[in-house]
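# Geometric and topological summary
What follows is the residue order along each chain.
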Amino acid sequence: MEKKRTQFSGKIGFILAAAGSAVGLGNIWRFPYLAAKYGGGIFLLIYILLTASFGYVLIMSETALGRMTRKSPVGAFEHFGKTKSFKIGGWLNAVIPMLIVPYYSTIGGWVIKYLVEYFKGNVQAVAEDGYFGNFISDSWQAELWFLVFAALVFIIILGGVQNGVERMSKIMMPVLFGLFLVLAIYIGTLPGASEGYKYILTLNPAGLAKPDLWVFAFGQAFFSLSVA
């Protein structure tokens, strides 16, 4: 008897899970740095245009491919042909996320460590210069929190699509949105905030001549949509 595969209970669960996959380090850490380096408003404009054009087509293609074949990346690509190029394309889409997992799990471990220290009341201690350096230089501590984060992720995955990934997405994504809102309000109260807003909203056409701007804006669109 064929085992029935679990799936999302509705559109909201899928959207939140997809957003959780995309809204991560690339947008929280990488985007502000790139926007500041490559012209502020002009980088933001090019990024939005590329995301709404090329990025939209790519993510819709990936989603349609998955929904149509209902297979893993390897199986989905092989559905269209058994040639070498299809096999390489499928395996690339499968292997790249595996290579990213240790990277994200390491940083996830750092976050769990700081969260625990925050709840223990050690806010001043973790804010001191050198605390982070001492933490990551202690291999035992870093590896321990890496394993803690990996174990939490494993438990969520064991719950399946609906009871694991979807359920946690419905809890954690609203929490993340709330944290962003608090952070945005806090940033608005800092000295120089108005100059920062002016920089990110001012269009300087001279920036269009920089080839790097287009490359990094396109790469950021990939990060934002979690394409490939």
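Structure: above.
Residues numbered from 1 in each chain as written. Predicted model: local features only at pLDDT ≥ 70, side-chain atom pairs only at ≥ 80, totals over all residues. Heavy atoms only, no water.

## Observations concerning the packing of helix α3 (residues 41–69) against helix α11 (residues 211–225)
Between α3 and α11, the least distance of the axes is 8 Å, while the angle of their chain directions is 50°. Our classification of the angle between α3 and α11 gives oblique. Along this stretch, α3 crosses α11, giving a crossing that reads as right-handed. Contacts between α3 and α11 involve Ile42, Phe43, Ile46, Tyr47, Leu50, Thr51, Phe54, Gly55, Tyr56, Leu58 and Ile59 from the former and Leu213, Trp214, Phe216, Ala217, Phe218, Gln220, Ala221, Phe222, Ser224 and Leu225 from the latter. In terms of residue class, the contact of α3 with α11 is made up of 17 nonpolar, four polar and no charged. (Axes fitted to C-alpha atoms, helices over the stretch in contact; angles between N-to-C directions. Helix = DSSP H or I, 4+ residues; strand = E, 2+ residues; numbered from the N terminus. Parallel < 35°, antiparallel > 145°, perpendicular 65-115°, else oblique. Left-handed = near helix turned anticlockwise from the far one by under 90°. Contact = heavy atoms within 4.5 Å. Nonpolar A, V, L, I, M, F, W, Y, C, P; charged D, E, K, R; others polar.)

## A look at the packing of aromatic side chains
Each aromatic ring pair is summarised here by two numbers: the centre-to-centre distance and the angle between the ring planes. With the rule as written, the count across this model stands at eleven aromatic pairs. Here the aromatic rings of Tyr38 and Phe43 are separated by 6.4 Å at their centres, their planes lie at 25°, and the arrangement is stacked. Per residue, the accessibility class of Tyr38 equals that of Phe43, and both read buried. Between the aromatic rings of Tyr38 and Phe216, the centroid separation amounts to 5.2 Å while the plane-to-plane angle is 25°, which identifies the pairing as stacked. With a gap of 178 residues between them, Tyr38 in the loop between α2 (25–37) and α3 and Phe216 in helix α11 connect regions that are remote in the sequence. Members of the aromatic cluster, joined through ring pairs, are Phe31, Tyr38, Phe43, Tyr47 and Phe216. (Phe/Tyr/Trp six-rings, centres within 6.5 Å; stacked < 30°, edge-to-face > 60°. Buried < 20%, exposed > 50% of the residue type's maximum accessible area, 1.4 Å probe, protein only.)

## A look at a positive patch on the surface
Judged by side-chain charge, Arg5, Lys11, Arg67 and Arg70 come together as a positively charged surface patch. With a relative accessible area of 61%, Arg5 lands in the exposed category. (Patch = residues over 30% accessible without salt bridge, like charges linked within 9 Å, V, L, I, M, F, W, Y side chains within 5 Å. Areas by Shrake-Rupley, 256 points an atom, 1.4 Å probe, with all protein chains shown as cover. Salt bridge = Lys/Arg side-chain N within 4 Å of Asp/Glu carboxyl O. Lys, Arg positive; Asp, Glu negative; His and termini not counted. Charge placed at Lys NZ, Arg CZ, Asp CG, Glu CD.)

## Focus: the pattern of salt bridges
A complete count under the given rule lists three salt bridges for this structure. Lys113 is the partner of Glu117 in a salt bridge, and the nearest nitrogen-oxygen pair spans 3.0 Å. Here the residue Glu117 and the residue Lys113 both occupy positions in helix α5 (residues 84–119), the gap between them amounting to four residues, near one helical turn. With relative accessibility at 8%, the residue Glu117 sits in the buried group. Between Glu166 and Lys170 there is a salt bridge whose closest N-O contact spans 3.2 Å. Here Lys170 and Glu166 lie together in helix α9 (residues 160–188), a separation of four residues that amounts to about one turn.

## Focus: the nonpolar core
Core analysis: the biggest nonpolar cluster contains eleven residues, these being Phe31, Leu34, Ala35, Tyr38, Ile42, Phe43, Ile46, Tyr47, Leu50, Leu213 and Ala217. A per-element tally of this core places α3 first, with five residues. Excluding anything up to four places from it in sequence, Tyr47 contacts Asn27, Phe31, Ala217, Gln220, Ala221 and Ser224. (Core = buried A, V, L, I, M, F, W, Y, C linked by side-chain atoms within 4.5 Å.)

## Observations concerning the environment of Tyr104
Its location among the elements puts Tyr104 in helix α5. In the structure, Tyr104 is positioned 42 residues away from Phe146 in sequence and 9.3 Å away in space, judged by C-alpha atoms.

Purely geometric stuff here, so don't read any function into it on its own.
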